[in-house]
Amino acid sequence: MKNWIVSSLLLFTILGWSQDFDKAKLDQYFDLLEENDKFMGSIAVSRDGEMLYTRSLGYCDLSTEAVASSDSRYRIGSISKTFTTVLVFKAIDAKKLALEQTLDDFFPEVANAEAITIKQLLGNRSGIHNITNDSLYLTYMTQPKSQEEMLELIVDAGSDFEPDSKFQYSNSNFVLLTYILEKSMGKSYAELLRKHITEPLGLLDTYVGGKIGTKDNECKSYVFNVGWQEQPETDMSIPVGAGAVVSNPTDIVKFSDALFGGDLVKMEYVEQMKNIQEGYGLGLFSFPFDKRTSYGHTGGIDGFSSIFGHFEDDDVSFAMTSNGANMNTNDIAIAVLSTVYNESFEIPEFKSYDVTQEQLEEYVGTYTASDFPLDIEITAEDGVLKGQATGQPAFVLDAVDEDEFEFDRAGITMKFNPAKNTMLFKQAGTTVNFTRE
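Our subject in this report is the structure included herewith.

What counts and what doesn't
- Residues numbered from 1 in each chain as written.
- Predicted model: local features only at pLDDT ≥ 70, side-chain atom pairs only at ≥ 80, totals over all residues.
- Heavy atoms only, no water.
- 1 Å grid on protein atoms, 1.4 Å probe; cavity = no way out; pocket = protein on both sides within 12 Å on 5 of 7 lines; lining within 4 Å.
- Points joined across faces, edges and corners; volume = space filled by probe spheres on them.
- Helix = DSSP H or I, 4+ residues; strand = E, 2+ residues; numbered from the N terminus.
- Axes fitted to C-alpha atoms, helices over the stretch in contact; angles between N-to-C directions.
- Parallel < 35°, antiparallel > 145°, perpendicular 65-115°, else oblique.
- Contact = heavy atoms within 4.5 Å.
- Nonpolar A, V, L, I, M, F, W, Y, C, P; charged D, E, K, R; others polar.
- Core = buried A, V, L, I, M, F, W, Y, C linked by side-chain atoms within 4.5 Å.
- Buried < 20%, exposed > 50% of the residue type's maximum accessible area, 1.4 Å probe, protein only.
- Phe/Tyr/Trp six-rings, centres within 6.5 Å; stacked < 30°, edge-to-face > 60°.

Some words on the layout of surface pockets
Where empty space is left becomes clear once a probe the size of a water molecule has been rolled over the atoms. The calculated volume of the second largest pocket comes to roughly 790 Å³. Sorting the residues of the lining of the second largest pocket by element identifies helix H10 (329-340), strand E16 (384-389), strand E17 (395-401) and strand E18 (404-407) as the ones contributing at least two each. Examining the composition of the lining of the second largest pocket, we find that 5 residues originate from one element, E17, more than from any other.

Points about the packing of helix H2 (residues 80-93) against helix H7 (residues 189-201)
One can describe the packing of H2 onto H7 by two numbers: an axis separation of 10 Å at closest approach and a directional angle of 75 degrees. In terms of their interaxial angle, H2 and H7 are classed as roughly perpendicular. Across the interface between the two elements, Ser 80, Phe 83, Thr 84, Val 86, Leu 87 and Lys 90 of H2 pack against Tyr 189, Leu 192, Leu 193, His 196 and Ile 197 of H7. In terms of residue class, the contact of H2 with H7 is built from 7 nonpolar, 3 polar and 1 charged.

Details of the nonpolar core
Within the largest apolar cluster, 92 residues are counted, with the highest numbers of intra-cluster contacts made by Phe 30 and Leu 103. When residues of this core are assigned to their parent elements, the largest contribution, 8 residues, is made by helix H6 (residues 171-185). Look past the residues within four positions of Phe 30 in its chain and what remains in contact with it is Ile 43, Tyr 53, Arg 55, Leu 57, Ile 332 and Val 336. Residues Leu 360, Tyr 363, Phe 407 and Phe 425 belong to the second largest nonpolar core, which totals 21 residues.

Some thoughts on the packing of aromatic side chains
The description of two aromatic rings rests on the distance between their centres and on the angle between their planes. In total, this model carries 24 aromatic pairs according to the counting rule given. A ring pair is formed by Tyr 137 and Tyr 140, whose centres lie 5.7 Å apart and whose planes are at 90 degrees; its orientation type is edge-to-face. Taken together, the residues span about one helical turn, with Tyr 137 and Tyr 140 both in helix H4 (residues 137-140) at a distance of 3 residues. A relative accessible area of 6% places Tyr 140 in the buried class. Aromatic side chains Phe 224 and Trp 228 sit 5.0 Å apart centroid to centroid with 85 degrees between the ring planes, which places their arrangement in the edge-to-face category. Connected via pairs of aromatic rings, a cluster forms that spans Phe 21, Tyr 29, Phe 30, Tyr 53 and Phe 345.

What follows is the structure, given as structure tokens:
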């Protein structure tokens, strides 16, 4: 199931600051990713309001071999929520909304509407169920939905907890905020975005998306599964202000610099956005790096993933959008920001190991572990080994050594011992011993 948020955040350490920037090494790194089909997308970094580095890799459209460029456009998923939050504060500044205003002024039919505030919607603390977590979502995600239909889905989904009792990410919050903005400001979300953000900042590649138009330099998205496979398109009438914005890193960095520089909304509003409770502020995450902290957001929709962050102490903004990743994109963020801060990072070595279909058959079976909540089914077909955890989509495992396979995008390594019917599973510092049934 695809939500409009990428769950893995940046985890790395920045220890120092330098004006040096090793562009040659970073270019070498991206050349290697491109050569090995590891990443398709774009990156941009600014410092002191000036663009420091941009790079684009891969294709916008594989069917026509349209190559990505710095002005290629990507669906940015939940980074849209930061744009929506800015628009909410624009409405507050215009006396059209108030943070403590309750949802029953707009949609009294939503559960607990009389107790849910605009602030709780912005902070994902409303208790409103996240409709994109439900299996039903997959049955309609590619079809257009009216506001009335979306509202019915949200009302029927109900509430998961009492308002403001905890944080729980829910796209439903920002879908409702979109409709609230349109009601209170008297304009469509697309018009509000254009009037209050993109036109004042000159963001020529940022707008509310529709059906992907490759002739307009909009990228399709892909998942790597024995080659790049095009992904279905979510109809943008569904995520609206929760995930329907199209942009690129160059525009996102300009937006970031303007937001944290006080050029979009008052700094008192920016400070409220940065007030983190249980990992989330108002339309912002915080990403800590040693003694530094950046504020930004992640996003994921269809086969797209994205992230942006701003380091206020050093006035650095960073953004990355991807329309295809065959590795952990966190590693890419590490490489870019390590270069910005003149820290060392390793150029990866992408290993491969030839295995026959007969050898792959030795690993096939269902693997279980008492200290792991899911079983893992291993299958082999047409020279490809695949893994699938209970209730999860299947993924391709690449052979890197004798009896050893990786799913690099999720940082998973599996080491099999067919004679003993065991498999050693590693991910993010966790090691689990599985046994084949």
